[in-house]
Amino acid sequence: MQAVRMSMGVAVLSMAFAANAADVEVLHWWTSGGEAKAAGELKKMLETKGDKWKDFAVAGGAGENAMTALKARVVSGNPPAAAQIKGPAIQEWGAEGVLASIDDVAKKDGWDKVLPPAVSNVMKYKGQYVAAPVNVHRVNWLWVNPLLLKKANVKAPTTWDEFFKAADALKKAGIQPVAYGGQPWQDATVFETVALGVGGADFYKKAFVQLDQATLKGPTMVKVLETYKRIKPYTDKASAGREWNLVTSMVINGTAAMQFMGDWAKGEFLAAGKVPGKDFLCVPAPGTANAYTFNIDSFVMFKLPNKDAVKGQKDLAETLMSPQFQELFNLNKGSIPARMGMDMSKFDDCGKKSAEDFKADAAKGTLLPSFAHGMAMYSATQGAMYDVISQFWNDDAASAQKTAEKLATAAKVR
Ligand code: GAL
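Structure report, in brief. Given the structure is predicted, the values throughout are model-derived calculations rather than measurements. (Residues numbered from 1 in each chain as written. Predicted model: local features only at pLDDT ≥ 70, side-chain atom pairs only at ≥ 80, totals over all residues. Heavy atoms only, no water.)

Details of the site of the ligand
Here comes step 1: As a matter of local geometry, the ligand sits amid 13 residues, with E35, K86, D297, K333 and H373 nearest to it.
Here comes step 2: E35 places a side-chain nitrogen or oxygen 2.3 Å from an oxygen atom of the ligand.
Here comes step 3: A distance of 2.7 Å separates an oxygen atom of the ligand from a polar atom in the side chain of K333.
Here comes step 4: For the ligand, the protein covers 100% of the area, taking 310 Å² as the surface of the free molecule.
Here comes step 5: Residue composition of the shell around the ligand, grouped by class: five nonpolar, four polar and four charged.
Here comes step 6: Shared between two domains, the shell around the ligand takes at least three residues from each, and those domains are domain 1 (2–135 + 296–355) and domain 2 (138–294 + 360–410). (Near = heavy atom within 4 Å. Polar contact = N/O pair within 3.5 Å; in protein donor to acceptor, adjacent residues only side chain to side chain. Areas by Shrake-Rupley, 256 points an atom, 1.4 Å probe, with all protein chains shown as cover. Nonpolar A, V, L, I, M, F, W, Y, C, P; charged D, E, K, R; others polar. Domains from an automatic or database assignment.)

Considering the state of the cysteines
Here comes step 1: Under the definition given, this model contains one disulfide.
Here comes step 2: Shown here is the disulfide that connects C282 with C350, its sulfur atoms set 2.2 Å apart. Of note, the bridge from C282 to C350 carries an S-S torsion of about -105° and is left-handed in sense. Residue C282 is found in strand β11 (residues 281–284), and its partner C350 is found in helix α17 (residues 349–364); the two are separated by 68 residues along the sequence. (Disulfide = S-S within 2.5 Å. Helix = DSSP H or I, 4+ residues; strand = E, 2+ residues; numbered from the N terminus.)

Side note on the pairing of strand β2 (residues 52–57)
Here comes step 1: Relative to β2, strand β1 (residues 23–28) runs parallel, the two being bridged by six bridges. Directly across from V26, in β2, lies its bridge partner D55.
Here comes step 2: For the crossover that starts at β1, traverses helix α2 (residues 33–47) and ends in the parallel β2, the hand is right-handed. (Pairing = 2+ DSSP bridges. Right-handed = clockwise from strand over helix to strand, strands pointing away.)

Let's talk about the environment of L46
Here comes step 1: Mapped onto the secondary structure, L46 falls in helix α2.
Here comes step 2: By relative accessible area, which is 0% here, L46 ends up buried.
Here comes step 3: In this structure, the C-alpha to C-alpha distance between L46 and T319, residues 273 residues apart in sequence, is 6.5 Å.
Here comes step 4: In this view, L46 contacts V24, D51, W53, G312, D315, L316 and T319; residues no more than four positions away in its chain are not counted. (Buried < 20%, exposed > 50% of the residue type's maximum accessible area, 1.4 Å probe, protein only. Contact = heavy atoms within 4.5 Å.)

Okay, here's the thing in structure tokens:
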């Protein structure tokens, strides 16, 4: 009896607490080692404001599974408080009429002054902030295991010629040159990096930002496709369907020498206790040192009926954009802060280089949105591109010329 009364008392108490503290349900796909650590920092920081983090994590790199789960929840009239949504998709969700304005928080904390307009514009729907950016990831990196390169007596490649020469030397030395994950978003990630390296920044812009038909099916695109396919013999047969973090593990463990991937991969190296410059190298992918493909993570807020929940959303928005959070989160995530003017002294050389190049490339006009990561085109167009690229990778007999024409057709999908 005593025990029952006690537990009832606890129940009443915790209900009272729950009424004041807002439950903030957050959808994300950060479930790998480095990602989970970074998300853990957000949870901790939000909870210092008296709110309760309700985890809505849906595993799967680049968030395809998470978006499917989110659509089901929104359609049934039960959206989470916040969700990781990026790029032009923010406008698509805005047009559905389901997003909540966080403009009051943005005004109070002066977001317009600390975000570059290229970033803040993406976060606004009809002039009001509906999303908060947390980082900038650079996508066009090559992650390298220096010990394996040394064994094969090669240097980290800077051109495609050097890359294929190094890959041959590694193969000869009995080392798997490239760790690869055959999933549509990873195929597209590697493909866009090859496109930038082979075609250059102007070509990339014309093809994937302007969706120019002639560029998409032209001779440079054919060369890009051929170069992309040349990588395949240097990967292993078991790469189909492999998650990106398992791909990174192969470079960490010395099973393979290199991975093309955005700098969320650095989060995995760091979570495994590896030291940049010593245990692993970050180098711009071949031919891409003079450009920067960016991928910005952000969270949108959904319209919710409950007042406590709205308070929780404002707390979350405030936290996401605070300098303290942007530093701590990005030290774990592998990215750099989205806020300008942050002190980068705690960041490693990869982070510092990313921050310097971001500025330099913005000034030169070679800062480019990653289409593989939802920065350049609407989701239906992007999905159609993914399909064409993966089909090409998986079919050894596929023609590069015909595939280029298919890319041009995919660009028309809305
Ligand atoms: C990207 C996302 C990153 C990273 C990666 C792998 O699209 O922006 O934060 O986690 O997917 O899941």
